[in-house]
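# Understanding the architecture of this molecule
For reference, the chains in residue letters:
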Amino acid sequence: MSDKITGAEILMKSLVDQGVKNIFGYPGGTIMPVYDKLYDYSDRIKHYLARHEQGAIHAAEGFARVSGKTGVVFATSGPGAMNLLTGLNDALIDSTPIVAVTGQVATSFLGKDAFQESDIVSVTLPVTKWTIQVRKAEDIPAIVAKAFYIANSGRPGPVVIDLTKDAQTSLAEYVPAECGAIRSYHPDPEIKDSVILEVAELLNNSRRPMILAGHGVSIANAEKLLKELAEKADIPVATTMLGLSSIPSSHPLNKGMLGMHGNIGPNINTNNADVILAIGMRFDDRVTGAVNAYAPQAKLIHVDIDASEFDKCIKCDVHVHGSADKALSKLIPFVNEVTREEWNASFEPHAQVERTEVMAREIEGRTSDGTMLMGEVIDKVSHAFNDSAILVTDVGQNQMFSVKYFRFTAPKSIVTSGGLGTMGFGLPSSIGAKIACPERDVVLFVGDGGFQMTLEELGMIMEYNLGVKIILLNNNFLGNVRQWQHLFFNSRFSATPMVNPDFRMIADAYGIPAEDVASREDLEDAIRRMKEREGPYLLNINIDPEDMVFPMTPPGAAVDHILLAEGVLYNPEK
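These remarks concern the structure in this document. (Residues numbered from 1 in each chain as written. Predicted model: local features only at pLDDT ≥ 70, side-chain atom pairs only at ≥ 80, totals over all residues. Heavy atoms only, no water.)

### Side note on helix α24 (residues 523–532)
- Every buried residue belonging to α24 is among L523, A526, I527 and M530, and all of these are buried. End-on, the buried residues of α24 take up no more than an arc of 100°, which puts them together on one face. Across from the buried face of α24, at angles greater than 90 degrees, the exposed residues are E524 and E532.
- Next to the buried residues of α24 lie α17 (374–384), β18 (468–474), β19 (514–517) and β20 (537–542). (Buried < 20%, exposed > 50% of the residue type's maximum accessible area, 1.4 Å probe, protein only. Helix = DSSP H or I, 4+ residues; strand = E, 2+ residues; numbered from the N terminus. Arc of directions from axis to C-beta. Contact = heavy atoms within 4.5 Å.)

### Considering helix α11 (residues 223–233)
- Regarding α11, the residues found buried are E223, L225, L226, L229, A230 and A233. All buried residues of α11 lie within an arc of 165° about the axis, which places them on one face of the element.
- On its buried face, α11 sits against β9 (209–213), α10 (215–219), β10 (237–239), β12 (275–279) and α14 (324–331).
- In the segment just after α11, D234 is the residue with positive phi, at about 55°.

### Topic: the state of the cysteines
- Taken as a whole and assessed by the stated rule, the structure comprises 0 disulfides.
- Cysteine C316 remains unbridged, with the sulfur of C313 as its closest cysteine sulfur at 9.7 Å. (Disulfide = S-S within 2.5 Å.)

### Here's the deal with the pairing of strand β2 (residues 22–25)
- Burial of the side chains of β2 extends over both faces: N22 and F24 are buried on one face and I23 and G25 on the other.
- When β2 meets strand β3 (residues 46–49), the two strands line up parallel, connected through 4 bridges. What sits directly across from N22, in β3, is K46.
- Following the chain from β2 across helix α2 (residues 32–38) to the adjacent parallel β3, one finds a crossover that is right-handed.
- Two strands pair when backbone bridges link them, and β2 and strand β4 (residues 71–75) are joined in this way by 2 bridges, in the parallel orientation. Paired with G25 across the two strands is F74, which belongs to β4. (Pairing = 2+ DSSP bridges. Right-handed = clockwise from strand over helix to strand, strands pointing away.)

### What about the sheet that holds strand β15 (residues 390–393)?
- One open sheet holds the 6 strands; their spatial order is β16-β15-β17-β18-β20-β19, and the pairing between them is parallel. Edge positions in the open sheet fall to β16 (414–415) and β19, since each of these has one partner strand only.
- As judged from the 4 bridges shared by β19 and β20, these two strands associate in the parallel manner. Bridge pairing in β20 places E515 opposite L539.

### Concerning unusual backbone geometry
- The omega torsion across F550 and P551 is 0°, close enough to zero to call that bond cis.
- Topologically, P551 is positioned in the loop between β20 and β21 (563–565).
- Of note in this structure, K412 is not a glycine but carries a positive phi near 50°.
- Relative to the elements of secondary structure, K412 occurs in the loop between α18 (397–405) and β16.

### What to know about the nonpolar core
- Ranked by size, the top nonpolar core spans 46 residues in total, and within it F24, F451, L458, I461 and I470 carry the most contacts.
- Counting residues in each nonpolar core, the second largest holds 44 residues, with L244, A389, M530 and L563 among its members. (Core = buried A, V, L, I, M, F, W, Y, C linked by side-chain atoms within 4.5 Å.)

### With respect to the side chain of D162
- Within the secondary structure layout, D162 lies in strand β7 (residues 158–164).
- Of the buried charged residues, D162 lacks a salt bridge, with R135 as the closest side chain of opposite charge at 7.7 Å.
- In this structure the side chain of D162 is engaged in a polar contact, spanning 2.7 Å, whose partner is the side chain of T102. (Lys, Arg positive; Asp, Glu negative; His and termini not counted. Salt bridge = Lys/Arg side-chain N within 4 Å of Asp/Glu carboxyl O. Polar contact = N/O pair within 3.5 Å; in protein donor to acceptor, adjacent residues only side chain to side chain.)

### Some thoughts on the sheet that holds strand β5 (residues 98–104)
- The 6 strands lie next to each other as β3-β2-β4-β5-β7-β6, forming an open sheet whose pairing is parallel. Whereas interior strands pair on both sides, the edge strands pair on one side only; in this sheet they are β3 and β6 (130–134). Between one strand axis and the next, the sheet turns by 20° as a mean value, whatever way the strands run.
- Inspection of the sheet shows β6 paired to β7 by 5 bridges, in the parallel sense. Opposite V134, over in β7, you have L163 as the bridge partner.
- Packed on one face of the sheet, helix α1 (residues 7–17) meets β2, β4, β5 and β7 and runs near 165° to β4.
- Its contacts with the sheet place helix α3 (residues 53–67) against β2, β4 and β5, and it is angled at close to 170° to β4. (Axes fitted to C-alpha atoms, helices over the stretch in contact; angles between N-to-C directions.)

### A look at the packing of aromatic side chains
- With the rule as written, the count across this model stands at 13 aromatic pairs.
- Centroid distance F477 to F493: 5.8 Å. Interplanar angle 75°. Geometry classified as edge-to-face. One end of the pair, F477, is in the loop between β18 and α22 (479–488); the other, F493, is in the loop between α22 and α23 (503–509), with 16 residues separating them in the sequence.
- Taking the relative accessible area as the measure of exposure, F493 reaches 27% and is therefore partly exposed.
- Here the aromatic residues F24, Y48, F63 and Y464 are joined through ring pairs into a cluster of three or more.
- Above the ring of Y48, the side-chain terminus of K46 is found at 5.6 Å from the ring centroid.
- Taking the ring centre of F385 as reference, the NZ or CZ of K531 above it sits at 5.7 Å. (Phe/Tyr/Trp six-rings, centres within 6.5 Å; stacked < 30°, edge-to-face > 60°. Lys NZ or Arg CZ within 6 Å of the ring centre and 35° of its normal.)

### Brief notes about the environment of R504
- Residue placement: R504 occurs in helix α23.
- The sequence separation of R504 and A514 amounts to 10 residues, and the corresponding C-alpha distance is 5.5 Å.
- Once residues lying within four places of it in the same chain are set aside, the contact partners of R504 are A514, E515 and D516.

### Here's the deal with the packing of α11 against α14
- Viewed as axis vectors pointing N to C, α11 and α14 meet at an angle of 30°, and their least axial separation amounts to 9 Å. Our pair here, α11 against α14, has a crossing hand that is left-handed. Together, L225, L226 and L229 of α11 and D325, L328, S329 and L331 of α14 make up the contact between the two elements.
- By residue class, the composition of the contact of α11 with α14 is 5 nonpolar, 1 polar and 1 charged. (Left-handed = near helix turned anticlockwise from the far one by under 90°. Nonpolar A, V, L, I, M, F, W, Y, C, P; charged D, E, K, R; others polar.)

### Some points on the environment of G421
- Along the chain, G421 falls in the loop between β16 and α19 (426–436).
- Residues G421 and D90, spaced 331 residues apart in sequence, show a C-alpha to C-alpha distance of 7.9 Å.

Below you can see the structure in the form of structure tokens.
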């Protein structure tokens, strides 16, 4: 019989068995036994002390997105655990594998309003794949193994293990556990050959097919297969925001991003296509626009690992229930090798209009007072890093401009909050991305609003000397809300102007080199200095507050109803 050890040490051994090498967290009373044992495992597991639990879980998300591994976060009970909720919800919507271990009061105090007690199980059930409370030390190994299996199988997502204090301190034998299957949970369904043949027939008989590539392509590591299918059948590819780096920006079949602020060509041709193959995406309303006017001429094929997404937003003709890699591997041999010159060429006139009437306006920076436009900044930063950096964004105009003007050459190069749109996500998630891939450049674009939501995580950058390059696009406004107020609320700027602090001085207080960039004449030299400097760097850039993101499909409009500028509706017939 082996020696008995505490539940806290059993947890640490179980995490080591799962290959965990990085944990993000914040200690507190009810999880203190775990942190005491973590001290003994510092040679095997690196702990990153966030300055707020929300920062910890967003950092874990950034780590998971770039590495493909499960992010791990620790928090104490009550307010500590509750501070994870935004990140759990964000991870659930964006299919990010997270295991959160929360401390809980001792079993004898449950339900008695003890100090820092909260019913974290009930609270987190709607925003996780699985939540469980552990009250016995001997149960920990099996539950940890099950948690990691659930978090990173099928459609990935967050799991919460709520660990009572007595489960952490009581003694039990450590019996290693594995989990490779759970009754009634089938995360890797077998795709029927008959369905694949039906899809192949639709594609082979189509004249105007399109591929819509979502986050599921990246999750399944199916980027090469996506490229192989597109090239074999000469099918244009459009991506969701989270699918952007699944195909190189420069690839001739990459026609751009879909949706409200997507590129003109793919949005127009969504409603001209005769077959649409949607892979690992959920037909979000920001992608589809008005549902009753979406892809009226097309047969719709939906490939997804999560069957609950089928027909939830858009009714499709064929459902392929399975992962992107398995579906594409099965499909490619049955798809004919053809060329579709006329169909692919039909995207170019739209792209040309976008380049001359929208992008040129942004990249050339047509302002007279020295303030800069977001597009020109992002274009220059992408170029300076050879289009090969990992892009991390916060949420708002900085996000929309970034995904339009940054370019990608490698997979898993975008980290952004898609479904939940979480302001404050950018800074901590860039930290996790840099920890996951220290050899790659990590570039963060963030607005002055979102930056101030989690800027305390500069402390993590300082403490661990993480070389995140921060570009603060500062327009002294909540820019995206301002744009909507201007366009749809008669320019009544209610609660959107911001009086900001001296961000350079704040960075200086954290020991992070920083510059204020007030005019475009200084921009390129500042970017060069940022790139050449080892370690972290912050550029606080003076942005024109009237800068707006176009093209834009107004809310509730059809996806091919596109504004090129304020009051300028795109007419594809001209």
